[in-house]
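Architecture at a glance
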Amino acid sequence: MAVKKRPDADRLPVSQRIDQRMDNPKRRQMKPRDWAIKGELILNCSCTVFCPCVVSLGKHEPTDGDCKAWMGIAIDEGHFEGEDLSGLNVGLMVYIPGKMAEGGWQVAAYVDERASGKAYQGLLEIFSGAAGGTTGLFTLLVSDIVSAEREKVEITRDGKKRGLFVGKKIQGEIEMIDGASPDHPVMITNSKYWMGPDIIAARGLKSKVRDFGKMWDFSGKSAEICPIEWGGQAGGK
C-alpha cells in the first residue's frame, strides 16, 4: 500500500500552520483610547552617521547592523482619558536587532516619578502601543517590554543641546549639528517618518547607558531631535 507523504510544513498555507485562534501572551492587545501628546522627542543611537531609518522609513539596516538607543520624550502638553500629562517625561532604552520596520524591538521604559497612578498607566499604554493612535504600531514592532518602572526622569533643553538623565542608568547629552546658517541646524523636513515630519540632525556628546547588564556609549554617534504631536481616539485605530 502506498504511503501518503505528509506535505512539508513550510509549504502549507500560513492559515494551516498557525492556529490564529490561539492568543499570543506576549502580544499586547490594542484598545484605542483618547490621548494626546505635544512636545519633543530626543534620541541617541549607535549609528555611526545620521540614522538611515529616517529617510528609509525603517527599511534600511542600521549602520552597525543592529540598533541600540535611548529616547527621551518631553511632554509639554498632553492628556490620557482626561488625566493631565503636561510636564511629564518618559525615557526609553531600546534595542532593535535589525531593520526598524521588521520589529523585534526590546524596550525598557522609565516613567516620570511625578506621574499620578492614572497618568503612569496611561503612559505605559501609549508607549506599548496598546492605546492605539500614533504609537499603535508598537504592538507590532515591540516584541519584549523588558521593564517598566517609575524613575526620576530629567530632560534638559538648552539652546542647541538636549539631555536625558535617568539616575546612573542613562546619562545622555546631544547637540544639534550646525547648518549653513548658524540659526538653522541641519534637518530633514517633510518626511513620512513615524515620529514627525521634521527631524533635526544631532550628535551624541557624553552619552552612556548602563542597565540590564548593558553598557552602551553613544558619544559622537547619531542623534535626533523631533517636535512631536501624537494622539489617538477611543474607537479608532
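Read on for a plain summary of the structure. None of the values given here were measured: they were computed from a predicted structure.

About the thresholds
Residues numbered from 1 in each chain as written. Predicted model: local features only at pLDDT ≥ 70, side-chain atom pairs only at ≥ 80, totals over all residues. Heavy atoms only, no water. Salt bridge = Lys/Arg side-chain N within 4 Å of Asp/Glu carboxyl O. Helix = DSSP H or I, 4+ residues; strand = E, 2+ residues; numbered from the N terminus. Buried < 20%, exposed > 50% of the residue type's maximum accessible area, 1.4 Å probe, protein only. Phe/Tyr/Trp six-rings, centres within 6.5 Å; stacked < 30°, edge-to-face > 60°. Contact = heavy atoms within 4.5 Å. Pairing = 2+ DSSP bridges.

Let's talk about the pattern of salt bridges
Evaluation of the coordinates by the stated rule reveals nine salt bridges. The partner of R33 in a salt bridge is E125, and the shortest N-O contact between them spans 3.1 Å. Taken together, the residues span a long stretch of sequence, with R33 in the loop between α1 (14-17) and β1 (35-45) and E125 in helix α3 (residues 117-128) at a distance of 92 residues. A salt bridge links D76 to R157; its shortest N-O distance comes to 2.6 Å. Of this pair, D76 sits in strand β2 (residues 67-80) while R157 sits in strand β7 (residues 153-158), and the two are 81 residues apart along the sequence. Of the residues examined, D76 reaches a relative accessible area of 40% and is grouped as partly exposed. A single salt-bridge network, built from bridges that share partners, covers E40, D76, R157 and R162.

With respect to the packing of aromatic side chains
Remark: the centre distance and the inter-plane angle together describe each pair of aromatic rings, the angle taken between the planes. Under the criterion given, the structure shown has three aromatic pairs. Measuring from ring centre to ring centre gives 6.0 Å for W216 and F218, while their planes differ by 40 degrees; the resulting arrangement is tilted. According to the relative accessible area criterion, F218 is buried, its value standing at 1%.

Section: the environment of I170
Among the structural elements, I170 can be located in strand β9 (residues 170-176). On the basis of relative accessible area, I170 is assigned to the buried category, the value being 0%. For the pair formed by I170 and V209, sequence separation is 39 residues and the distance between their alpha carbons is 4.6 Å. The contacts of I170, once residues within four sequence positions are left out, are W70, L92, Y110, L164, F165, K208 and V209.

Side note on the pairing of β7
Summarising the sheet, β7 and strand β8 (residues 161-166) pair through six bridges and their orientation is antiparallel. Bridged to T156 within β8 is G163. Counting the residues that bridge the hairpin from β7 to β8 gives two residues, and of these G159 lies at a positive phi of roughly 60 degrees.

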